[in-house]
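# Breakdown of the fold
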Amino acid sequence: MMSNANARRVAANEAMAVCHAIRSSARKLNLVAATIRGKSAEKAVAELTFSKKRIANVVKEVLQSAIANAENNHQLNIDKLFVKEAYTGKGLVMKRMHARGRGRGARVLKPFSKLTIVVAERGE
């Protein structure tokens, strides 16, 4: 009668982590996400640790969450994990005003982004 409304969005050998409110634009976030796509989880964490980008710390936290989900929820071997997907999307935009001359105001847009990281277990 009732079907499973919350079916898994990833395969059995994959795990996922999502962050919905990252205070950065999607373009800047995608530059960091592109550096870890396809790499092993261990190398990706090391690269994000020593990255000079401010947003790399947030990406590292999401990646570590995906690794923890793989280990604890899906019993995957963390030594065989690699970053299968890392993609970004637009989130909400805060609209603010900035004072300008002659009593006018200028609009300031402060974008937020979404980040999704999928890690998978490499098969031999």
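An account of the accompanying structure is given in this report. The residue count restarts for each chain, going from 1 along the sequence in the order it is written. This being a predicted model, a pLDDT of at least 70 is required before a residue's local features are given, and a value of 80 or more before pairs of side-chain atoms are given or counted; all residues contribute to the totals for chains, interfaces and linings. Working from all heavy atoms in the structure, the side-chain values ignore hydrogens and water.

### So, the packing of aromatic side chains
Pairing of aromatic rings covers Phe, Tyr and Trp, the last counted by its six-membered ring, and requires centre-to-centre distances within 6.5 Å; plane angles under 30 degrees mean stacked, over 60 mean edge-to-face, and any other angle means tilted. Per the stated rule, a full pass over the model turns up 0 aromatic pairs. Above the ring of Phe112, the side-chain terminus of Arg23 is found at 5.7 Å from the ring centroid. Should the NZ of a Lys or the CZ of an Arg lie within 6 Å of a ring centre and within 35 degrees of the ring normal, that charge is described as sitting over the ring. One residue, Arg122, lies across the ring of Phe82, its end atom 4.3 Å from the ring centre.

### Notes on unusual backbone geometry
Phi is positive for Gln75, which is not a glycine, with a value near 50°. A run of DSSP states H or I qualifies as a helix once it reaches four residues; a run of E qualifies as a strand once it reaches two. Both are numbered from the N-terminal end. Residue placement: Gln75 occurs in the loop between helix H3 (56-72) and strand S2 (81-99). Using a relative accessible area of 61% as the deciding quantity, one classes Gln75 as exposed. A positive phi angle, close to 60°, is found at Arg102, a residue other than glycine. Within the secondary structure, Arg102 is located in the loop between S2 and strand S3 (105-121). Think of it in three bands: with a 1.4 Å probe and only protein chains considered, a residue is buried below 20% of the maximum accessible area for its type, exposed above 50%, and partly exposed in between.

### Focus: the sheet that holds S2
Note: two strands are recorded as paired if DSSP finds a minimum of 2 bridges between them. With antiparallel pairing, 3 strands are arranged side by side in an open sheet as S1-S3-S2. The open sheet has two edge strands with one neighbour each: strand S1 (14-22) and S2. With direction set aside, neighbouring strand axes in the sheet form an average angle of 10°. As paired elements, S1 and S3 share 7 bridges and run antiparallel to each other. Directly across from Cys19, in S3, lies its bridge partner Leu115. Contact definition: two residues touch when any of their heavy atoms are within 4.5 Å. A fitted line through C-alpha atoms serves as each axis, taken over the contacting stretch for helices, and the angle formed by two N-to-C directions is quoted from 0 to 180°. The strands that helix H1 (residues 26-36) touches are S1, S2 and S3; relative to S2, the one it contacts most, it runs at about 165°. Against the sheet, H3 touches S1, S2 and S3, its axis set at about 150° to S1.

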